[in-house]
Amino acid sequence: MSAKTQPQDVSQSTTSPNMFEVIGSRLIAVPTALIILVAIGAFLRLFQLGVEGFWHDEVTMMNIVIGPWSGIEAQIDNGRPALFQVLGYFWTRIFGEGEAGARLLSATAGIIGIVVMYQLALEWFNKRIAFVAAIFFVFSGFLVFQSQNFRYYSVYILMALLSYLFYYRALQSGKLKHFVPYVLFSALTFYGHSHGVFVLGSQGIYFVFQFYRYDWRKIGPRWVISQFTIIALIAYG
């Protein structure tokens, strides 16, 4: 007497999760401590954002961004970093020319920077170092000041962090989806401030001394192409 095989249940869905399920799962995975740090960082950067009037350098920047587009082009031709001027030009037309509305651009970049700093340290090192790095970033007096300052530096720092984040991912994976944003944010780092050349130089130095840790056959050609592309993108600046 042979045993009867039981029919398998094929009613279970085999479809892949949709976009909202993926986003939801990632939000749930965000550590509570990081959410608290971001909240504290946001409070420090937004507190009394518009209480003090614009100071000298901010007045100079405001006069540039509220003027005609031709004025920004002239400033860029004279060597003034382009990224913040372009962002400020559109930002002030949306959020206004007041202290709080204008400075919100830098504050937003500073708040996003907390998350990027955490993610960069998490991927490069570990969770403990990531939390320490985020804590320093949140409570740094210099970074809080720059986040309440209508000047280049908060946006520039965010671009530099994003450049490093995708730089590391590109080295690890060798995938185009990481090399493309690496090139983009590297160019924006330079256009965020001319000091960005030191950020890009430090990445090159790291690669020269650490390339043996990565699969050169996988990342080599794309790495070379990425460097020439970055040079081409910043050559005008």
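As a reminder, the structure under discussion sits directly above these lines.
Since we're looking at a predicted model, the values are computed, not measured.

Engineer: Can you help me understand the pattern of salt bridges in this one?
Structural biologist: Note that side chains of opposite charge can pair when their charged atoms are close. Taken as a whole and judged by the stated rule, the model has four salt bridges. Residue Arg151 is joined to Asp57 by a salt bridge in which the shortest nitrogen-to-oxygen separation is 3.9 Å. Here Arg151, found in the loop between α8 (141-147) and α9 (153-173), pairs with Asp57, found in helix α3 (residues 56-65); they are 94 residues apart in sequence, far enough to count as distant. Judged by relative accessible area, Arg151 falls into the buried class, the value being 10%. Note that Glu123 is salt-bridged to Arg169, the shortest N-O span being 2.6 Å. Remark: Arg169 occurs in helix α9 and Glu123 occurs in helix α6 (residues 99-124); sequence separation between them is 46 residues. Judged by relative accessible area, which is 23%, Arg169 ranks as partly exposed.

Engineer: What's the story with helix α2 (residues 32-46) in this structure? I'm lost.
Structural biologist: For an α-helix, 3.6 residues make a turn, and residues three or four places apart therefore share a direction. Taking 1.5 Å per residue as the helical rise, α2 with its 15 residues ought to reach 21 Å, and the 21 Å between its terminal C-alpha atoms agrees with that figure. Listed in full, the buried residues belonging to α2 are Leu34, Leu37, Val38, Gly41, Ala42 and Arg45. For α2, the angular spread of buried residues about the axis comes to 135 degrees, placing them on one side. Across from the buried face of α2, at angles greater than 90 degrees, the exposed residues are Thr32 and Phe43. Each element contacted by the buried residues of α2 is listed here: α6, α7 (127-139) and α8.

Engineer: Got a minute to help me understand α7 in this structure?
Structural biologist: In this model α7 runs 18 Å from its N-terminal to its C-terminal C-alpha over 13 residues, within 8% of the 18 Å that 1.5 Å per residue would give. Of all the residues in α7, the buried ones are Ala130, Phe131, Ala133, Ala134, Phe137 and Val138. Viewed end-on, α7 has its buried residues packed into an arc of 165 degrees, placing them on one side of the element. When the buried face of α7 is taken as reference, the exposed residues oriented beyond 90 degrees from it are Arg128 and Phe136.

Parameters and conventions
Residues numbered from 1 in each chain as written. Predicted model: local features only at pLDDT ≥ 70, side-chain atom pairs only at ≥ 80, totals over all residues. Heavy atoms only, no water. Salt bridge = Lys/Arg side-chain N within 4 Å of Asp/Glu carboxyl O. Helix = DSSP H or I, 4+ residues; strand = E, 2+ residues; numbered from the N terminus. Buried < 20%, exposed > 50% of the residue type's maximum accessible area, 1.4 Å probe, protein only. Expected span 1.5 Å × (residues − 1). Arc of directions from axis to C-beta. Contact = heavy atoms within 4.5 Å.

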